[in-house]
Amino acid sequence: FKVLGARSVRAGLMSSFVYDPATRVPNHCLVRGSFGKRVGVNGRAFQIRFELRMPDNWNGRFLFEGGANMDGVDWPAYGTLFGRETPSALQRGFSVVRTNSGHTSLNNDSTDGTWALDQQARIDYAFHALDLVTVKAKQLVLAYYGRPAKRSYFMGCSNGGRQALLAAERYPNYFDGIVAGAAA
């Protein structure tokens with residue numbers, strides 16, 4: 001595991017990213033990290049990256065927000081399901097994490113499937129990233145707040161819905177509640 005950056009973010013309006021409209025955020029700590037930087041098929045670089053946001057006014061709950069399409073993008077961890085949830089989970093006091101699922105899209109819009117030529121990338125995308133990121137994010141939440149989350153949730157739609165079903169099947173003890181919408 002490697003910390004790619006950690007900083008304090010002041011409350012305000014965050015600029016939009018791909019599908020997300022501009023999102024209001026509270027004061028929070030933003031941590032970005034990664035696992036397993038490596039070179040794979042055809043010399044392509046791979047690593048599981050994640051973003052974790054921990055609000056100053058934490059409600060004791062943790063949310064893993066699922067990805068979209070084929071992932072491969074460093075989505076912001078707001079807990080909005082692409083602008084559909086207002087206020088965001090982060091605004092409501094949840095610590096929120098998201099992952100790129102182990103690869104970087106060549107066209108930065110999560111529809112690039114060329115990463116799937118790499119067997120380890122398929123494993124990371126299928127389930128391994130979800131496991132690693134959940135465990136590490138919960139450890140970071142514990143270290144930051146000095147106590148574990150009282151409740152943990154997973155919420156996703158489309159590919160995030162697939163991840164939600166996978167979490168329920170493979171990691172039933174990781175989350176107290178799971179929302180699986182339109183599972184891909």
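Everything discussed here concerns the structure shown above.
Now for a quick tour of the structure. Everything quoted here is computed from the prediction, not taken from an experiment.

## So, helix α1 (residues 119-145)
End to end, α1 covers 37 Å across 27 residues, agreeing with the expected 39 Å (1.5 Å per residue, within 8%). A maximum bend of about 60 degrees is found in α1 at Tyr125. A side-chain oxygen of the first residue of α1 lies 3.2 Å from the backbone nitrogen of Gln120; this N-cap is Asp118. Directly after α1, the chain includes Gly146, whose backbone phi takes a positive value near 80 degrees.

## Looking at the side chain of Arg162
Turning to its location among the elements, Arg162 is positioned in helix α2 (residues 159-170). Nearest to the buried, unbridged Arg162 among oppositely charged side chains is Asp71, at 5.5 Å. There is a polar contact of 2.7 Å between the side chain of Arg162 and the side chain of Asn159.

## Section: the pattern of salt bridges
Tallied over the entire structure, the rule returns six salt bridges. Here Arg38 makes a salt bridge to Asp118, at a shortest N to O gap of 2.5 Å. With Arg38 in strand β4 (residues 28-39) and Asp118 in the loop between β7 (95-99) and α1, the pair connects residues that are 80 residues apart, well separated along the chain. Taking the relative accessible area as the measure of exposure, Asp118 reaches 5% and is therefore buried. A salt bridge links Asp112 to Arg44; the nearest nitrogen and oxygen atoms lie 3.0 Å apart. Placement of Asp112 in the loop between β7 and α1 and of Arg44 in the loop between β4 and β5 (45-55) is noted, with a sequence separation of 68 residues between them. For the pair Asp112 and Arg44, one class covers both residues: buried. Taken together, the shared-partner salt bridges in this structure form one network comprising Arg32, Glu51 and Arg53.

Here is what the cut-offs are and how they apply
- Residues numbered from 1 in each chain as written.
- Predicted model: local features only at pLDDT ≥ 70, side-chain atom pairs only at ≥ 80, totals over all residues.
- Heavy atoms only, no water.
- Helix = DSSP H or I, 4+ residues; strand = E, 2+ residues; numbered from the N terminus.
- Expected span 1.5 Å × (residues − 1).
- Bend = angle between axes of the 7 residues up to and from the residue.
- Polar contact = N/O pair within 3.5 Å; in protein donor to acceptor, adjacent residues only side chain to side chain.
- Buried < 20%, exposed > 50% of the residue type's maximum accessible area, 1.4 Å probe, protein only.
- Lys, Arg positive; Asp, Glu negative; His and termini not counted.
- Salt bridge = Lys/Arg side-chain N within 4 Å of Asp/Glu carboxyl O.

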